[in-house]
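Residues per chain, in single letters:
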Amino acid sequence: MAGDLEAASEAYRAALQRVQDGLAEVASARADVPKVRERLATAIVTAYRSGQRVGEIARVTGYGREQVRRILRANGVEPQGAGSPDD
């Protein structure tokens with residue numbers, strides 16, 4: 001019986017440690033989001049200026065076309081309107 005108590009206690013401590021490790025990983029990932037979002041915005045602008053269409057950028061990023069346009073505008077680029085050949 002003592003062996004089961006020790007094993008259960010150790011399993012419990014290990015589970016708590018996994019939770020703590022997971023929380024630390026989540027905090028780290030959250031801290032990275034603004035930097036990664038900025039990198040993505042820069043890549044979107046670069047792709048658009050290199051001739052990639054809004055629709056293709058949207059497909060690759062998973063953003064909607066209007067979100068891509070908002071990112072472009074926020075970075076000083078005026079995209080072509082919806083339904084244009086650029087879309």
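The structure we're discussing is the one just above.
All values reported here derive from a predicted model rather than from experimental measurement.

*Asks:* Talk me through helix 2 (residues 54-61); I want residue IDs and the actual numbers.
*Replies:* Think of an α-helix as turning once every 3.6 residues; residues three or four places apart then point the same way. Of the residues making up helix 2, those classed as buried are Val54, Gly55, Ile57 and Ala58. Summarising the axial view, the buried residues of helix 2 lie within an arc of 160 degrees, below the 170-degree limit, and thus occupy one face. Facing away from the buried surface of helix 2 by more than 90 degrees, the exposed residues are Arg59 and Val60.

*Asks:* Account for the packing of helix 2 against helix 3 (residues 65-74), with residues named and values stated.
*Replies:* One can describe the packing of helix 2 onto helix 3 by two numbers: an axis separation of 8 Å at closest approach and a directional angle of 105 degrees. Classified by the angle between their axes, helix 2 and helix 3 sit roughly perpendicular to one another. Along the contact surface, helix 2 presents Val54, Gly55, Ile57, Ala58 and Thr61, while helix 3 presents Arg65, Val68, Arg69 and Leu72. For the contact of helix 2 with helix 3, the per-class residue count stands at 5 nonpolar, 2 polar and 2 charged.

*Asks:* Give me the pattern of salt bridges: which residues, what numbers.
*Replies:* Applying the stated criterion across every chain, the model contains 6 salt bridges. The partner of glutamate 66 in a salt bridge is arginine 69, with the nearest N and O atoms 3.1 Å apart. Highlighted residues: glutamate 66 and arginine 69, both in helix 3, separated by 3 residues, approximately one helical turn. The buried category is assigned to arginine 69, whose relative accessible area is 5%. Taken together, the shared-partner salt bridges in this structure form one network comprising Glu66, Arg69, Arg73 and Glu78.

Rules of the game
- Residues numbered from 1 in each chain as written.
- Predicted model: local features only at pLDDT ≥ 70, side-chain atom pairs only at ≥ 80, totals over all residues.
- Heavy atoms only, no water.
- Buried < 20%, exposed > 50% of the residue type's maximum accessible area, 1.4 Å probe, protein only.
- Helix = DSSP H or I, 4+ residues; strand = E, 2+ residues; numbered from the N terminus.
- Arc of directions from axis to C-beta.
- Axes fitted to C-alpha atoms, helices over the stretch in contact; angles between N-to-C directions.
- Parallel < 35°, antiparallel > 145°, perpendicular 65-115°, else oblique.
- Contact = heavy atoms within 4.5 Å.
- Nonpolar A, V, L, I, M, F, W, Y, C, P; charged D, E, K, R; others polar.
- Salt bridge = Lys/Arg side-chain N within 4 Å of Asp/Glu carboxyl O.

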